[in-house]
Amino acid sequence: MRILVALLGLVFSLSACAQEASSEYQEGKHYEVLEQVVRTTDPSKIEVAEVFAYSCSHCFDFEPLLQAWEKKQSADVYLAQTHAMWNPQMEPLVRGYYTSIALKVKEKTHMAIFNALHLEHKQIVTAEQWADFFAAYGVDKAKALSTFNSFGVTSQIKQAEARARGYKVTGTPEMVVEGKYRVSARLAGGHAEMLKVVDFLVAKTRAERGTKAPAQ
């Protein structure tokens, strides 16, 4: 009888722990659910989107944490970054970001742009200044100039603006999991905490799909 009581107590204890874990992060308190889902790029994977701005000091502080987080993710998760454009004055920075993607140098230049703006206090505004910046990373200056003003980059900017509107972001950095769960530092309680909520939502998405994280 004592063994039975002990086993029942263990079961109730585990059940309580499971319920506590499942309610660790709550809708409306730690994250928000978008009324309309924003279509993701690759439906076969779980999309974690970040909306950021090169001019944002909080984004600058957050970027190293985000990069470390990304390296730990399983193959079924991918990070998609979108540069916010709150006003027309931000367009040179937005255009610079999508130019780096078009030139296939984002991995080399992304943190370098943050550092140039926030640590070195450089002005990178004009097409010429951006071309000079990318030239330091082996890009032909003429190609950088033509890409900066290209139709392709302009199209990427318009798509980014549409995504940001769909995400209903109110500031940067903010994150959206699977096009429907929005997480902010304000709700989560800080940058590191925001990534913990994102991890929770990634696990939640897997559960909704009935899938498991692939082996590392």
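In this convention, every chain numbers its residues from 1, walking through the sequence in written order. Owing to the predicted nature of the model, reporting of local features is limited to residues with pLDDT of at least 70; listing and counting of side-chain atom pairs is limited to 80 or more, with chain, interface and lining totals taken over all residues. Calculation of side-chain values draws on the structure's entire complement of heavy atoms; hydrogens and water are dropped beforehand.

A closer look at the overall build of the protein
Then step 1. Secondary structure elements are taken from DSSP: a helix is a run of H or I of four residues or more, a strand is a run of E of two residues or more, and numbering for both begins at the N terminus. A count of helical and extended segments in the protein gives nine helices and five strands.
Then step 2. Starting at the N terminus and walking to the C terminus, you meet the elements of the protein as α-β-β-α-β-α-α-α-α-α-β-β-α-α.
Then step 3. Only protein chains enter the accessibility calculation, which uses a 1.4 Å probe. A residue is then buried if its area is under 20% of the maximum for its type, exposed if over 50%, and partly exposed in between. The burial tally for the protein puts 44% of its 216 residues in the buried class.
Then step 4. Throughout, a contact is declared for two residues whenever any of their heavy atoms are within 4.5 Å. Counting contacts in the protein only where the partners sit at least 6 residues apart, residues at least 24 apart contribute 73% of the total.
Then step 5. For the area figures, the Shrake-Rupley method with a 1.4 Å probe applies, and any residue is considered shielded solely by the protein chains shown. Accessible surface for the protein amounts to roughly 12100 Å². Of this, 56% is attributable to carbon and sulfur atoms.

Section: the nonpolar core
Then step 1. Tyr-54, Tyr-98, Trp-130, Phe-133 and Phe-134 are the most contacted members of the largest nonpolar core, which has 30 residues in total.
Then step 2. If you list the elements that add at least two residues to this core, you get helix H2 (57–71), helix H3 (91–102), helix H4 (106–118), helix H5 (127–135), helix H6 (141–148) and helix H7 (151–167).
Then step 3. Beyond its immediate sequence surroundings of up to four residues, Trp-130 is in contact with Pro-92, Leu-93, Gly-96, Ile-113, Ile-124, Val-125 and Phe-148.
Then step 4. Counting residues in each nonpolar core, the second largest holds 21 residues, with Ile-46, Val-198, Leu-201 and Val-202 among its members. Definition of nonpolar core: a set of buried residues of the types Ala, Val, Leu, Ile, Met, Phe, Trp, Tyr and Cys, connected through side-chain atoms within 4.5 Å.

Section: the environment of Asn-149
Then step 1. The residue Asn-149 is located in the loop between H6 and H7 in this model.
Then step 2. For Asn-149, a relative accessible area of 54% corresponds to the exposed category.
Then step 3. Here the alpha-carbon distance between Asn-149 and Gly-96, two residues 53 residues apart in the chain, equals 9.8 Å.
Then step 4. Beyond its immediate sequence surroundings of up to four residues, Asn-149 is in contact with Arg-95 and Ala-127.

Points about the pattern of salt bridges
Then step 1. Just to be clear on terms, a salt bridge is a Lys or Arg side-chain nitrogen sitting within 4 Å of an Asp or Glu carboxyl oxygen. One pass over the structure, following the stated rule, counts 10 salt bridges.
Then step 2. Asp-76 is the partner of Arg-206 in a salt bridge, and the nearest nitrogen-oxygen pair spans 2.7 Å. Here Asp-76 lies in the loop between H2 and strand E3 (77–83) and Arg-206 lies in helix H9 (residues 191–209), a separation of 130 residues in the sequence. As far as the burial class goes, Arg-206 and Asp-76 line up, both buried.

Topic: unusual backbone geometry
Then step 1. Omega for the bond connecting Thr-172 with Pro-173 falls within 30 degrees of zero, at -5 degrees, which places this linkage in the cis form.
Then step 2. Structurally, the position occupied by Pro-173 is in the loop between H7 and strand E4 (174–177).
Then step 3. Despite not being glycine, Lys-104 has its phi angle at roughly 60 degrees, a positive value.
Then step 4. Among the secondary structure elements, Lys-104 is positioned in the loop between H3 and H4.
Then step 5. At Lys-168, a residue that is not glycine, the phi angle is positive and equals roughly 60 degrees.

Some points on the side chain of Thr-205
Then step 1. Topologically, Thr-205 is positioned in helix H9.
Then step 2. Take Thr-205: its relative accessible area is 2%, and that puts it in the buried class.
Then step 3. Here Leu-201 takes part through its backbone oxygen, which lies 2.8 Å from a polar atom of the side chain of Thr-205. The definition of a polar contact used here is a pair of N or O atoms within 3.5 Å, where within protein one atom must be able to donate a hydrogen and the other to accept one, and adjacent residues in sequence count solely through side-chain atom pairs.

Quick notes on the packing of aromatic side chains
Then step 1. A pair of aromatic rings is counted whenever rings of Phe, Tyr or Trp (Trp by its six-membered ring) have centres within 6.5 Å, and the orientation is called stacked for planes under 30 degrees apart, edge-to-face for over 60 and tilted otherwise. This model, assessed by the stated rule, comprises 14 aromatic pairs.
Then step 2. Relative to Phe-200, the ring of Tyr-25 lies with its centre 5.5 Å away and its plane at 65 degrees, an arrangement referred to as edge-to-face. Here Tyr-25, found in the loop between helix H1 (2–22) and strand E1 (32–33), pairs with Phe-200, found in helix H9; they are 175 residues apart in sequence, far enough to count as distant.
Then step 3. A relative accessible area of 15% places Tyr-25 in the buried class.
Then step 4. Arranged with centres 5.0 Å apart and planes meeting at 75 degrees, the rings of Tyr-54 and Phe-114 form a pair that is edge-to-face. Taken as a pair, Tyr-54 in the loop between strand E2 (46–52) and H2 and Phe-114 in helix H4 lie far apart in primary sequence, 60 residues in all. Grouping residues by exposure puts Tyr-54 and Phe-114 together as buried.

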